[in-house]
Amino acid sequence: MKTRVGVVFGGVSVEHEVSVISALQAIKAMDDNQYEAVPVYISKDRNWYTGEELLDIEAYKDLKQLLQNAQKVSITKSDNGNVILQKDPVPKFGKRSVAEIDVAFPIVHGTFGEDGVLQGLFELYDLPYVGCDVMSSAAGMDKVMMKQILRDSKLPVLDYVWFHSSHWTDDSEDIITMIEERLGFPVIVKPANLGSSVGINKAQTREELEEAVEEAMSFASKILVEYMVQDMKEVNCSVLGDYEEVEASVIEEVLKSEEILSYQDKYQGGGKGADAAKGMESTDRVIPAPLDDKSTTEVQELAKDTFQILGCSGVSRIDFLIDQTENKVYVNEINTIPGSLSFYLWDPAGKNYTQLTHQLIQLALKRKRERDKLTFSIDSNLFSLQSAEGVKGGSKSNKPNA
Ligand SMILES: Nc1ncnc2c1ncn2[C@@H]1O[C@H](COP(=O)(O)OP(=O)(O)O)[C@@H](O)[C@H]1O
Ligand SMILES: [Mg+2]
């Protein structure tokens, strides 16, 4: 029997559309002799849908019509313990289950998908899932948390200051002074947990800093202000594996049309009207990046270390900033569900997209087998063991040893 793979995409994030593209690409790539892909689309208003209609990228142009044709569902467990998608609302008569799922394949970028939230739902359903677990997803998504963890392991990250937006509101003067002393201008201001360059700005003066922070604050309550590298090269490297074994892909250099790699650069080929439907695949890039052997090895080793220190699994893309004046490499960020799953970095290394999706699903099943060996609850019912008096908390000896 084929393994039924629930490919979950869309979601509540600024990268919703990119996720649709990434997911449909992955579904197309999956080996259909071995896997049956079940599309699971999460709309921006948090409803879940399934159905063949969702496989056609053109259909997303008329989203209202698409969602009328698709089947609205919710995730639940059937009486025999399998995870199913059931019709929503549940029909009074007839079959309520639309599809069964053996393994989930989340391809949701950004908030509520890449940050551990969706992964937590799968954990509750005891459903194996592709990619990072709750902890590594959450740590990878929060740029501050990620830098703290990496810095603790002596990995090179750029100097930074972070604060909550409420601190800024209370005492922006103090924070600005701290930024001037610690980092100097120019700096880059980022919301801690978004993606796609949304809300990210450069600041060269106090005034610009204030503006940039105010803008970032509309996207997140945690703000990161970072030392800005001026003569910079951006390179990315994908890592595939888990805590036991990892491999690094070839490296890409991403080219940008403005100082900050923008949403347009990432998804529309520098805004030159390239194929938006190709997602990350259409970014202007050089593969392999023109780096010497030493720097290539350095980036690949740092990428693997970042992946394993954060506890990642599946496929991630680690992005680097190279300060060309200092000739120094810094880890900028990790994307735990990278655009197009970074397949274009594995293809040149001899691993095609079909093989990549296969390996990812197998890693998910491996983690599930390992987790099944752990004990999460105790079979005996403590209540049934206690005397009626004990339950009332009467005698001292019956009190739990907390
Ligand atoms: N410290 C920095 N110095 C110079 N440029 C930066 C710095 N941090 C980010 N950038 C620019 O901003 C872009 C987006 O920042 P990044 O941290 O990658 O956020 P996102 O998660 O939105 O991709 C980068 O690709 C790079 O072009
Ligand atoms: Mg980035």
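Calculation rules
Here the residue numbering is sequential within each chain, running from 1 through the sequence in written order. Think of it this way: whatever chain is written first is A, whatever ligand is written first is 1, and the rest follow in order. In keeping with the model being predicted, local features are shown solely for residues with a pLDDT of at least 70 and side-chain atom pairs are shown and tallied solely at 80 or more, while totals for entire chains, interfaces and linings include all residues. Here the side-chain values reflect all heavy atoms present in the structure, with hydrogen atoms and water set aside. UniProt positions are given in the numbering used here, feature names are shortened, and annotations may be inferred rather than shown by experiment. In short, DSSP must find at least two bridges between two strands for them to pair. Secondary structure elements are defined from DSSP: runs of H or I of at least 4 residues count as helices, runs of E of at least 2 residues count as strands, and each element is numbered from the N terminus. The criterion used for residue contact is that any of the two residues' heavy atoms lie within 4.5 Å. How sure the predictor is of each residue is captured by pLDDT, a score from 0 to 100. Per-residue accessibility, obtained with a 1.4 Å probe over protein chains only, is compared with the maximum for each type, and a residue is labelled buried under 20%, exposed over 50%, and partly exposed between these values. Throughout, an axis means a line fitted to C-alpha atoms (over the contacting stretch in the case of helices), and angles, computed between N-to-C directions, take values from 0 to 180 degrees. Expected span, for any helix, means 1.5 Å times one less than how many residues it has. Here the bend at a residue means the angle between the axes of two seven-residue stretches, the one that ends at it and the one that starts at it. Stacked, tilted and edge-to-face are the three classes assigned to paired rings of Phe, Tyr and Trp, where Trp is represented by its six-membered ring and a pair needs centres within 6.5 Å; plane angles under 30 degrees give stacked, over 60 edge-to-face, the rest tilted.

Looking at an unreviewed UniProt entry, the protein chain carries the name D-alanine--D-alanine ligase, with the source organism given as Alteribacillus bidgolensis. According to the UniProt record, the Catalytic activity (unreviewed entry) comment for the protein chain reads "2 D-alanine + ATP = D-alanyl-D-alanine + ADP + phosphate + H(+)".

With that out of the way, let us pick up the sheet that holds strand β15 (residues 314–323). Judged by pairing direction, the sheet is antiparallel, and its five strands sit side by side in the order β14-β13-β12-β15-β16 without closing on themselves. Taken across any chain shown, the strands that pair with only one partner, and hence form the sheet edges, are β14 (285–286) and β16 (328–335). Direction of pairing for strand β12 (residues 232–241) relative to β15: antiparallel, over a ladder of 10 bridges. Bridge pairing in β15 places Cys237 opposite Ile318.

Here the focus is the UniProt feature "binding site: Mg(2+) 2" (unreviewed entry) in the protein chain. As annotated by UniProt and renumbered to match this structure, "binding site: Mg(2+) 2" (unreviewed entry) occupies Glu333 and Asn335. Each residue touching Glu333, except ones within four places of it in the same chain, is listed here: Lys143, Met146, Arg317, Ile318 and Asp319. By secondary structure assignment, the location of Asn335 is in strand β16. When residues no more than four places from it in sequence are discounted, the contact partners of Asn335 are Glu114, Ser316, Arg317 and Asp319.

Our next topic: the confidence of the model for the protein chain. A low pLDDT means the predicted coordinates there should not be read in detail. Within the protein chain, residue pLDDT values average 90, and 89% of them lie at 70 or more. When the criterion is pLDDT under 50, residues 270–277 qualifies, and its contacts beyond four places in sequence or with other chains add up to 15 contacts.

This paragraph deals with unusual backbone geometry. A cis amide bond links Phe185 with the next residue in sequence, Pro186, at an omega value of -5 degrees. Looking at the element boundaries, Pro186 is found in the loop between α6 (165–182) and β9 (187–191). Residues Ile287 and Pro288 are joined by a peptide bond in cis, for which omega reads -5 degrees. With respect to the element layout, Pro288 can be found in the loop between β14 and α9 (293–309). The phi dihedral of Asn327 falls on the positive side, at around 55 degrees, and the residue is not glycine. Among the structural elements, Asn327 can be located in the loop between β15 and β16. Accessibility expressed as a relative area gives 64% for Asn327, which makes it exposed. One non-glycine residue with positive phi stands out, namely Leu341, at about 50 degrees.

Taken in spatial order, the seven strands of this open sheet run β6-β5-β4-β3-β2-β1-β7, and their pairing is mixed. For this open sheet the edge positions go to β6 (97–101) and β7 (103–107), each flanked by a neighbour on one side alone. Here the average twist between neighbouring strands, direction ignored, is 35 degrees. When strand β3 (residues 48–50) meets strand β4 (residues 71–77), the two strands line up antiparallel, connected through three bridges. What sits directly across from Thr50, in β4, is Gln71. Packing against the sheet, helix α1 (residues 16–29) makes contact with β1 (3–10), β2 (35–42) and β7, and its axis sits at approximately 160 degrees to β1.

Below, the discussion takes up α6. Under the 1.5 Å per step criterion, the end-to-end length of α6 is only 19 Å for 18 residues, more than 12% shorter than the ideal 26 Å. Its maximal kink placed at Asp171, α6 deviates by approximately 105 degrees. In this structure, the buried side of α6 is in contact with β8 (160–164), β9, α7 (206–217) and β11 (222–227). Downstream of α6 by one or two residues, Gly184 has phi in the positive range, about 75 degrees.

Now for the packing of aromatic side chains. Counted under the stated rule, the structure contains seven aromatic pairs. Note on Phe343 and Tyr344: the rings are 6.0 Å apart at their centroids and 80 degrees apart in plane angle, and the pair reads as edge-to-face. Judged by its relative accessible area of 14%, Phe343 falls in the buried class. Of the residues examined, Tyr344 reaches a relative accessible area of 8% and is grouped as buried. Look at Phe343 and Tyr353: their rings are 4.3 Å apart centre to centre, the planes differ by 10 degrees, and that puts the pair in the stacked class. Taken together, the residues span a long stretch of sequence, with Phe343 in helix α10 (residues 343–346) and Tyr353 in helix α11 (residues 353–372) at a distance of 10 residues.

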